[in-house]
Amino acid sequence: MKVAENLELIEKNIEEACRKSGRNRDEITIVAVTKQVSAERAKEAMKSGLLHLGENRDEGLNEKWEVLGDEPIWHFIGSLQTRKVKNIIEKVDYIHSLDRSSLAKEIDKRAGKPINCFVQVNTSGEESKHGLAPEETLDFIKQLDKFKNINIIGLMTMAPNSTGEKVIRKCFSDLKGLQLKVKELDLEYAPCTELSMGMSNDYGIAIEEGATYIRIGTSLVGAAENELEV
Ligand SMILES: *Cc1c(COP(=O)(O)O)cnc(C)c1O
């Protein structure tokens, strides 16, 4: 499938979720997750009007950067090893996976300008998922004031993939609740107005619960094995 065709369907679903929840389409940004596809396919996504691209590994980001440069708005969405910060920091506009002080310290040290960061929260409590426990999140953010290059624009979470809608919805509504609490702290470096949540299987629910950035890979640009069908 062409990216443009997939996007058309996704746009319909986004509009439906917006209608259900009384939201405006323009509050929501699609991050096209290109981690499984080629730079060519990423280029096609950009031609379809998708300017925000997401990668979860430093190698993947750098490979695509060779071809696309700084034309896309780059999002780093995967768990980030501290020693790899230097490989991506000059290329990314957003980091979705801030989850520890040592990482904040390294980003702050290496960045030449404030970086938009989402604090990743493990709302599902699944051991396999990265992120802070919800109850740790406020204290974590409060101690980031010493880092001048860290700008906390919001929170990020991943819902469990093989479970019912109710559980998924609760992960997202919990994140929204937490976001409002951070916002109430009224910290200059943590406006925390954004919510990065929702992937191919659950972006509709995420939008209904307040997502402002949805990260879509498989249903938009495809997965590694079906790229040949393009
Ligand atoms: C891969 C990935 C996505 C996209 O997942 P799809 O199910 O392919 O849409 C979103 N967020 C993160 C953090 C990912 O690693």
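Residues numbered from 1 in each chain as written. Predicted model: local features only at pLDDT ≥ 70, side-chain atom pairs only at ≥ 80, totals over all residues. Heavy atoms only, no water.

(A) Just the overall build of the protein, in detail. Along its length, the protein carries eight helices and eight strands. The C-alpha atoms of the protein give 17 Å as radius of gyration, which agrees with the globular expectation for 230 residues (17 Å, within 12%). Excluding contacts between residues fewer than 6 apart, the proportion of contacts in the protein whose partners are at least 24 apart in sequence is 54%. As displayed, the protein offers around 11,200 Å² of accessible surface, 47% of which is attributable to carbon and sulfur atoms. (Helix = DSSP H or I, 4+ residues; strand = E, 2+ residues; numbered from the N terminus. Rg over C-alpha atoms; globule rule 2.2 N^0.38 Å. Contact = heavy atoms within 4.5 Å. Areas by Shrake-Rupley, 256 points an atom, 1.4 Å probe, with all protein chains shown as cover.)

(B) Inspection of the UniProt feature "modified residue: N6-(pyridoxal phosphate)lysine" (unreviewed entry) in the protein at higher detail. When the UniProt feature table is mapped onto this chain numbering, "modified residue: N6-(pyridoxal phosphate)lysine" (unreviewed entry) sits at K35. With respect to the secondary-structure elements, K35 resides in the loop between β1 (29-33) and α2 (39-47). The class of K35 is partly exposed, set by a relative accessible area of 41%. If we skip the residues at most four places from it in the chain, K35 touches G54, E55 and N56. (UniProt positions renumbered as here; feature names shortened; annotations may be inferred. Buried < 20%, exposed > 50% of the residue type's maximum accessible area, 1.4 Å probe, protein only.)

(C) Quick peek at the pairing of strand β4 (residues 94-98). A large share of β4 lies buried, amounting to five of its five residues. Strand direction decides the pairing type here: strand β3 (residues 73-76) and β4, joined by two bridges, are parallel. Note on β4: the bridge partner recorded for F76 is I95. Here β4 pairs with strand β5 (residues 115-120) via three bridges, running parallel. Bridge pairing in β5 places I95 opposite C117. Read as a crossover between parallel neighbours, the route from β4 over helix α5 (residues 101-110) to β5 is right-handed. (Pairing = 2+ DSSP bridges. Right-handed = clockwise from strand over helix to strand, strands pointing away.)

(D) Representation of the site of the ligand in the model. Near the ligand you find V33, K35, I77, M156, M158, M199, S200, R215, I216, G217 and T218, and these make up its full shell. With respect to the ligand, the backbone of G217 contributes an N or O atom lying 2.8 Å from an oxygen atom. Taking 390 Å² as the accessible area of the ligand by itself, protein coverage stands at 89%. A per-class count over the shell around the ligand returns six nonpolar, three polar and two charged. (Near = heavy atom within 4 Å. Polar contact = N/O pair within 3.5 Å; in protein donor to acceptor, adjacent residues only side chain to side chain. Nonpolar A, V, L, I, M, F, W, Y, C, P; charged D, E, K, R; others polar.)

(E) Spatial organisation of the side chain of N6. Its location among the elements puts N6 in helix α1 (residues 3-21). Look past the residues within four positions of N6 in its chain and what remains in contact with it is M1, R41, S219 and L220.

(F) The packing of aromatic side chains, seen in detail. Following the criterion strictly, the structure yields two aromatic pairs and no others. A ring pair is formed by Y94 and Y213, whose centres lie 5.6 Å apart and whose planes are at 50°; its orientation type is tilted. Separated by 119 residues along the polypeptide, Y94 in strand β4 and Y213 in strand β8 (residues 213-216) bring together distant segments of the chain. Of the two residues, Y94 and Y213, neither departs from the other in class, the shared state being buried. An aromatic cluster of at least three residues, connected via ring pairs, comprises Y94, F118 and Y213. (Phe/Tyr/Trp six-rings, centres within 6.5 Å; stacked < 30°, edge-to-face > 60°.)

(G) Here's a closer look at α1. Compared with the 27 Å implied by 1.5 Å per residue over 19 residues, the 26 Å span of α1 between its first and last C-alpha is a close match. When we look at burial in α1, the residues that qualify are V3, N6, L7, I10, I14, A17 and C18. All buried residues of α1 project into a common sector of 110° when viewed along the axis, lining one side. Across α1 from its buried face, at more than 90 degrees, point the exposed residues E8, L9, K12, R19 and K20. Two residues or fewer after α1 comes G22, characterised by a positive phi angle close to 65°. (Expected span 1.5 Å × (residues − 1). Arc of directions from axis to C-beta.)

(H) Focus on α5. When we look at burial in α5, the residues that qualify are L103, A104, E106, I107 and D108. Where α5 is buried, its residues touch α4 (85-88), β4, β5 and β6 (150-156).

(I) Spatial organisation of the environment of N149. Mapped onto the elements, N149 comes out in the loop between α6 (134-142) and β6. The exposure class of N149 is buried, given its relative accessible area of 7%. As for N149 and Y189, which are separated by 40 residues in sequence, their C-alpha atoms are 8.9 Å apart. Leave out the neighbours within four places in its chain, and N149 touches D108, A111, K113, P114 and I115.

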